[in-house]
Amino acid sequence: MDPNGERDTERSSLSGPTIDEVIWSALFSAKEKRMQQELTTQLRSQLRGVVIGPSDPGYDEARKVYNAMISRKPKLIAKCADVADVITAVAFGRQHGLKVSIRGGGHNAGGLGVCDDGLVIDLSTIKYVHVDAAAGTVRVGGGTTWGDVDHATHAFGLAVPSGIISTTGVAGLTLGGGLGYLTRQFGLTIDNLLAADVVLADGTFVVASATENADLFWAIRGGGGNFGVVTSFLFRAHPVKAVVAGPMLWEIDDAADVMKWYREFIVNAPEQLNGFFAFMTVPPAPPFPEALHFRKMCGIVWCYNGTQEQAEKLLAPLRKFRQPAFEFFAPMPFPVLNSMFDALYTPGLQWYWKADFVKELSDKAIALHVKHAAELPTLHSTMHLYPINGAAHRMKAGDTPWGYRDAIWSEVIVGVDPDPANKDRITAWARDYWEALHPYGAGGGYVNFMMEGEGEDRIRATYGDNYQRLARIKAKYDPENFFRVNQNIPPAAGVNVSAKAG
Ligand SMILES: Cc1cc2nc3c(=O)[nH]c(=O)nc-3n(C[C@H](O)[C@H](O)[C@H](O)COP(=O)(O)OP(=O)(O)OC[C@H]3O[C@@H](n4cnc5c(N)ncnc54)[C@H](O)[C@@H]3O)c2cc1C
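Everything numeric here is computed off the predicted structure, so don't read it as measured data. (Residues numbered from 1 in each chain as written. Predicted model: local features only at pLDDT ≥ 70, side-chain atom pairs only at ≥ 80, totals over all residues. Heavy atoms only, no water.)

Enquirer: Would you mind showing me how to read the overall build of the protein chain here?
Expert: Secondary structure summary: the protein chain contains 14 helices and 19 strands in total. Radius of gyration (C-alpha) of the protein chain: 24 Å, near the 23 Å computed for a compact globule of 502 residues. Dimensions along the principal axes, computed over C-alpha positions, put the protein chain at roughly 85 × 60 × 40 Å. When the 502 residues of the protein chain are sorted by exposure, 57% land in the buried category. For the protein chain, the share of sequence-separated contacts (at least 6 apart) that also reach a separation of at least 24 residues comes to 72%. With 48 positive and 54 negative side-chain charges, the protein chain shows a separation of 3 Å between the mean positions of the two kinds. (Helix = DSSP H or I, 4+ residues; strand = E, 2+ residues; numbered from the N terminus. Rg over C-alpha atoms; globule rule 2.2 N^0.38 Å. Buried < 20%, exposed > 50% of the residue type's maximum accessible area, 1.4 Å probe, protein only. Contact = heavy atoms within 4.5 Å. Lys, Arg positive; Asp, Glu negative; His and termini not counted. Charge placed at Lys NZ, Arg CZ, Asp CG, Glu CD.)

The structure is reproduced here in structure tokens:
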């Protein structure tokens, strides 16, 4: 050690650590380990749920998220058993100055449910669904997945509008907006949110609804996990039992024509009919015929909430225009449709995506889509155009933070593959595709289809005129930006943060 307290870094030309460095690092890591152990023990003594630290068995499993590209190493994972645990975990995070992430279903492609060197408030054990069939409402725990909700509501002939994969978390999907098979008929998931229980950054428990903390209720309907930990959601449910649904596929050579037909059709189609457009590579498995295996194709995945006769009548012009090369379009229970792609998109794949809202699908944009789709890099890679018109347009731009109420589609370009060696390839393809199409987009993109770190400009563009209002509400409810592992909206400066109510 030199007189200034700096370590002696002199070393021989053979390099390798000096003896001082070895001793120092052993002492340092022993101290770190002791501190880590103390933190774990302290939090463990305060929670009903399980606390997992880096040296505990199950740590690697507990820190895993859906996207295998993400590998973050938190100091602590608090699997909260109830609301009291969440309140305690928030207070603990503040007391120890820990970075905090909130985990619902762990599906966020940017991995925003986990953080490095911080505390994960994991709600995956706060899982329940209570259906009030008479009231047509459903109360859902903060760690529930959509498969749980579909299962519980289907028994009552009901459904809550959600997405297209059943393993996605209710929390993250809802707080970012929520679009899927029922969007055109019943709106976004947030349009069906009636109330939420929220633990704020200072540990206060509040209810957010149209009548209680209305500003907070506005903010959580699209503003993501910026405002607190939502421990429970109350949704309006709708009569949905069996739907007539599934994919129709066409050869990639037909893609431009089918896309042009689709862009005209979907803006005028009845709201009970939803159909998202996709580019895909046909999986080598049933129900697809062998002749189509591994073939790049385009498709529309339909969902009609009505009779088969009505559905066939509606889609007769499409069959006349271009007969599908393959289809799996039939009556099925709604939960079957909502989990149809689960087996293809299992957890543990490499996942990179980029998104835009789209108001107009021009011939030029279509030509670019077809060009990039012909280069789909892997079996799982895809592009989806989700319609967000119909009932979703009945809410206006300022009614919720989800501002693009006049967009017709939410576009997402998705590079996916099981093999980490293909990470760069799928990423480069998705970026190139997105860069080519971005000039034809509406400006922003859906926050739930973004990776981490796309930048403040992207987030501002996405919220548009609603951004400043969100920043002011953030300043009121989370003035120190305690909840910042998300598509972050930093608190606006100079806002009076004293009174929370109202
Ligand atoms: C395969 C797949 C399919 C998808 N399909 C759709 C789709 O059809 N429609 C659609 O709209 N989206 C879809 N998404 C996107 C999805 O909405 C987002 O990835 C969303 O973030 C997932 O929510 P989660 O709870 O599973 O995520 P997590 O990774 O657990 O959390 C993501 C972020 O949400 C916030 N959050 C989570 N839980 C809470 C909570 N209880 N309280 C406060 N904040 C919380 C936090 O900020 C967290 O960082 C899909 C994603 C994947 C990977």
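Enquirer: Just checking my understanding: could you explain empty space enclosed by the protein for this structure?
Expert: Left-over empty space is what a probe sized like a water molecule reveals as it rolls over the atoms. Under the criterion given, the structure shown has 3 cavities of 30 Å³ or more. Roughly 910 Å³ of volume is contained in the largest cavity. Together, 47 residues line the largest cavity, and Asn108, Thr168, Gly172, Leu173 and Asn448 are the ones closest to its centre. Broken down by secondary-structure element, the contributors of at least two residues to the lining of the largest cavity are strand 3 (100-103), helix 5 (170-176), strand 10 (229-236), strand 17 (350-358), strand 18 (382-387) and strand 19 (409-417). For the lining of the largest cavity, the element with the highest residue contribution is helix 5, accounting for 5 residues. (1 Å grid on protein atoms, 1.4 Å probe; cavity = no way out; pocket = protein on both sides within 12 Å on 5 of 7 lines; lining within 4 Å. Points joined across faces, edges and corners; volume = space filled by probe spheres on them.)

Enquirer: What am I meant to see in the site of the ligand here?
Expert: The environment of the ligand is formed by 34 residues, the closest being Gly104, Gly106, Leu112, Leu179 and Tyr446. At 3.0 Å, a backbone N or O of histidine 107 approaches an oxygen atom of the ligand. The separation between an oxygen atom of the ligand and a polar side-chain atom of tyrosine 446 is 2.6 Å. For the ligand, whose free accessible area comes to 950 Å², the fraction covered by protein is 98%. In a pocket analysis with a 2 Å cut-off to the grid points, the ligand is assigned to the largest cavity. When residues of the shell around the ligand are traced back to their parent elements, those giving at least two are strand 3, helix 5, strand 10 and strand 17. Broken down by element, the residue count for the shell around the ligand peaks at 4 residues, all from helix 5. (Near = heavy atom within 4 Å. Polar contact = N/O pair within 3.5 Å; in protein donor to acceptor, adjacent residues only side chain to side chain. Areas by Shrake-Rupley, 256 points an atom, 1.4 Å probe, with all protein chains shown as cover. Sits in = over half its atoms within 2 Å of the grid points.)

Enquirer: What is the right way to look at the sheet that holds strand 2 (residues 76-79) in this model?
Expert: Backbone-to-backbone hydrogen bonds join strands into a sheet, with any given pair of strands oriented parallel or antiparallel. The strand order 1-2-4-3 describes an open sheet built from 4 strands, whose pairing is mixed. Each having just a single partner strand, strand 1 (50-52) and strand 3 make up the two edges of the open sheet. Across the sheet, the mean angle separating the axes of adjacent strands is 20° when strand polarity is ignored. Alignment of strand 3 against strand 4 (residues 119-122), held across 4 bridges, turns out to be parallel. Of the residues in strand 4, the one forming a bridge with isoleucine 102 is isoleucine 121. (Pairing = 2+ DSSP bridges. Axes fitted to C-alpha atoms, helices over the stretch in contact; angles between N-to-C directions.)

Enquirer: What exactly am I supposed to notice about the sheet that holds strand 5 (residues 129-132) here?
Expert: Strand order across the open sheet formed by 5 strands is 5-6-10-8-9, with antiparallel pairing between neighbours. Of all strands in the sheet, those bounded by a partner on one side alone are strand 5 and strand 9 (205-209). Looking at each pair of strands side by side, their axes are set apart by 15° on average, direction ignored. Here strand 5 pairs with strand 6 (residues 137-141) via 4 bridges, running antiparallel. Within strand 6, the position partnered with aspartate 132 by the bridge is threonine 137.

Enquirer: Can you walk me through helix 8 (residues 255-268) in this structure?
Expert: Along an α-helix, residues three or four apart share an orientation, since each turn contains 3.6 residues. The end-to-end C-alpha distance of helix 8 is 20 Å, a good match for the 20 Å that 14 residues give at a rise of 1.5 Å each. Every buried residue of helix 8 is listed here: Ala255, Val258, Met259, Trp261, Tyr262, Arg263, Phe265 and Ile266. (Expected span 1.5 Å × (residues − 1).)

Enquirer: Sorry, what's going on with unusual backbone geometry here?
Expert: Negative phi characterises most residues that are not glycine, and trans characterises most peptide bonds. A cis amide bond, omega 5°, links proline 286 with the succeeding residue proline 287. With respect to the helices and strands, proline 287 occurs in the loop between strand 13 (273-281) and strand 14 (296-304). Its identity as a non-glycine residue notwithstanding, phenylalanine 294 has a phi of 65°, on the positive side. Relative to the elements of secondary structure, phenylalanine 294 occurs in the loop between strand 13 and strand 14. Looking at phenylalanine 294, the relative accessible area reads 54%, which means it is exposed.

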